[in-house]
Amino acid sequence: MNYTSTRDNSRQVTAAEAIVQGISPEGGLFVPKTMPSLTEQDLAALSQMSYTERAQWVLEGFLPEWTGEELSAAIEAAYGGDRFEDGDPAPLSRLDESCYLLELWHGPTCAFKDMALQLLPKLLPAAAKKSGCGKEIAILVATSGDTGKAALEGFRDVPGTRIQVFYPEDGVSPMQKRQMTTQQGENVSVVGIRGNFDDAQSGVKRIFGDGQMAKTLGERGFSLSSANSINWGRLVPQIVYYISAYCQLLADGELQPGEQVNFCVPTGNFGNILAGYYAKEMGLPVKTFLCASNRNNVLTDFIATGRYDRNRTFYTTTSPSMDILISSNLERLVYLLTGRNDAETREKMKALGETGVYQLTGAELSALQREFYGGCCGDEDAAQTIRETFREYSYLCDPHTAVAMNVWKQYRKRTGDQTKTIILSTASPYKFGDTVLAALGETCPGDDFARLEALERISGLPVPASLAALRDARRRFEEVCTPEEMGEQVLSFLQ
Ligand SMILES: *Cc1c(COP(=O)(O)O)cnc(C)c1O
């Protein structure tokens, strides 16, 4: 199967090249030229399989250069054994007769980023070999919290790779900082930045664009690569759990063959929900995707009006992983809405870069609204949803999932749609203990671990072992630098 670029249809790359390069040289994103198909018979067969077997089936369709053995080894290393609590990477929980939660946070870092970042590191070294790169892969990551830790955990001690993460020294939660600065592994480095997330991100982009740096690193045997969410290798593992969730409900008799479902997804960079849309393009019976945003509701407006406008106030919310004004993966959807028109996609993205605004045509907007519903809610409504969901269902959700839950309720009230809905639960409530305790009306202890204990007492849900273990973990990384010094940090790490 061939991949092309959203901004240049004449480009042709293999899946391995798409994963190694991350982004197309002219700035477009790699997309499959055709979708593997998924029939009702396939779904029936998949419903009898385990998560890892379903993953194998889906990945074979998208990554034809990998042998079956290579894929099964990568999948086993990512999702097998005890990498995920209770051995189930994506358990479903039934809320009521028409609503289910798909929990994607049972991995080592307690957020859904693990679903992709456990697998990508196992695909990347092979992709480098297959595309003839021949060098050691050096991953640079700028993070606002969740991605950095998930990438570190995924790449740690993976042969043929090194990883360096830059985080804003004062811009992540105490628990997130603790998670990163105690990271184990011989091939990892973690550096704080005196600045915000944008400074860290710009610094990484500058290093990627620095020809001299690439030359020096190349002579030392390294090739730079990125693990951020526009990489195709991060999207493809996410397609799996949409299909798997549907199959699980079929197997449990909750769905009839061919029955449609809705998915409701707490959205930031549009990676997670887009993977669901790809599953639908393959043939998964989905009626509507509910795109849930927090107060940074640029996507809600876009779905309502067809006008994307990032010129607005940026709000810091209690669901920080969705505090985003430019949803990078939306470019892939725009490409599909325009009928795979590379010139039109290029124009729109150029306008976004230059003016912060682009506009869909009437036909494109209708196509968008046939598939997606956009909704949003603020911090107070999210807190109320956490409280009510706990009271009504004894189910404790994190602030990101609460946004989705709130938007689903709004949608059902407004439309009366009774279609069964799967809400994607993207983080453990323990990762955002202060917000969750406050939402429940409990006093919030100042100490991170006292908070974990307080939540455990109230909810009865055991503290995730990986967070509890941080209490005694030794801090390994103290380094802090200015954004200007990031290049030196890279050169001193990659010797
Ligand atoms: C990253 C993240 C999101 C947003 O996912 P996108 O793929 O960026 O839309 C939602 N919730 C949590 C907890 C996250 O870490």
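A brief look at the structure comes next. Given the structure is predicted, the values throughout are model-derived calculations rather than measurements.

**Comments concerning the nonpolar core**
Part 1 of the argument: In terms of nonpolar packing, the biggest core is built from 105 residues, with Ile239 and Ile243 touching the most fellow members.
Part 2 of the argument: When residues in this core are grouped by element, the largest group, 13 residues, is from helix H11 (residues 232-251).
Part 3 of the argument: Not counting residues up to four positions away in its chain, the partners in contact with isoleucine 239 are Val58, Phe62, Trp232, Ala275, Tyr278, Ala279 and Met282.
Part 4 of the argument: Grouped together as the second largest cluster of nonpolar side chains are 38 residues, Cys99, Met175, Leu452 and Val463 included.

**Observations concerning unusual backbone geometry**
Part 1 of the argument: Positive phi, close to 70 degrees, is recorded for cysteine 110, a residue that is not glycine.
Part 2 of the argument: Mapping cysteine 110 onto the fold places it in the loop between strand S5 (99-103) and helix H5 (113-117).
Part 3 of the argument: Overall, cysteine 110 belongs to the buried group, its relative accessible area being 2%.
Part 4 of the argument: Even without glycine at this site, phenylalanine 270 takes up a positive phi of about 70 degrees.
Part 5 of the argument: Within the secondary structure layout, phenylalanine 270 lies in the loop between strand S10 (261-266) and helix H12 (271-282).

**Some details on the site of the ligand**
Part 1 of the argument: By nearness alone, 15 residues border the ligand, and Lys113, Gly268, Asn269, Asn272 and Thr426 come closest of all.
Part 2 of the argument: The side chain of lysine 113 places a nitrogen or oxygen atom 2.6 Å from an oxygen atom of the ligand.
Part 3 of the argument: The class makeup of the residues in the shell around the ligand is five nonpolar, eight polar and two charged.

**Here's the deal with the sheet that holds strand S8 (residues 188-193)**
Part 1 of the argument: Strand order in the open sheet made by the five strands is S9-S6-S7-S8-S16, with parallel pairing throughout. One side of each edge strand has no neighbouring strand; the edge strands of this open sheet are strand S9 (222-226) and strand S16 (480-481).
Part 2 of the argument: Pairing geometry for strand S6 (residues 136-142) and strand S7 (residues 161-168), over six bridges, is parallel. Counted as the bridge partner of alanine 142 is phenylalanine 166 from S7.
Part 3 of the argument: The sheet contacts of helix H7 (residues 146-155) involve S6, S7 and S8, and relative to S7 the element is tilted by about 165 degrees.

Each value, and the rule that gives it
Throughout this description, residue numbers start from 1 for each chain and increase along the sequence as written. Whole-chain, interface and lining totals are the exception, using all residues; otherwise, since this is a predicted model, local features are given only for residues with pLDDT of at least 70 and side-chain atom pairs are given and counted only at 80 or more. Hydrogens and water molecules were not included; the side-chain quantities draw on all heavy atoms of the structure. To define a nonpolar core, start from buried Ala, Val, Leu, Ile, Met, Phe, Trp, Tyr and Cys residues and group those joined through side-chain atoms within 4.5 Å. Note on exposure labels: buried denotes an accessible area under 20% of the residue type's maximum, exposed denotes more than 50%, and partly exposed covers the range between, all computed with a 1.4 Å probe on protein chains only. Think of it this way: any DSSP run of H or I at least four residues long counts as a helix, any run of E at least two long counts as a strand, and we number them from the N terminus. Should any heavy atoms of two residues lie within 4.5 Å, those residues are counted as being in contact. In this text, near means that some heavy atom of the residue lies within 4 Å of the molecule or strand in question. Counted as a polar contact is a pair of N or O atoms within 3.5 Å, where, for protein atoms, one must be capable of donating a hydrogen and the other of accepting one, and residues adjacent in sequence contribute only when both atoms are in side chains. Residues are grouped as follows: Ala, Val, Leu, Ile, Met, Phe, Trp, Tyr, Cys and Pro are nonpolar; Asp, Glu, Lys and Arg are charged; all remaining types, including Gly, are polar. Any two strands with at least two DSSP-identified bridges between them are counted as paired. Whenever a helix is involved, its axis is fitted only over the stretch in contact; in every case the axis is a line through C-alpha atoms, and angles between N-to-C directions fall within 0 to 180 degrees.

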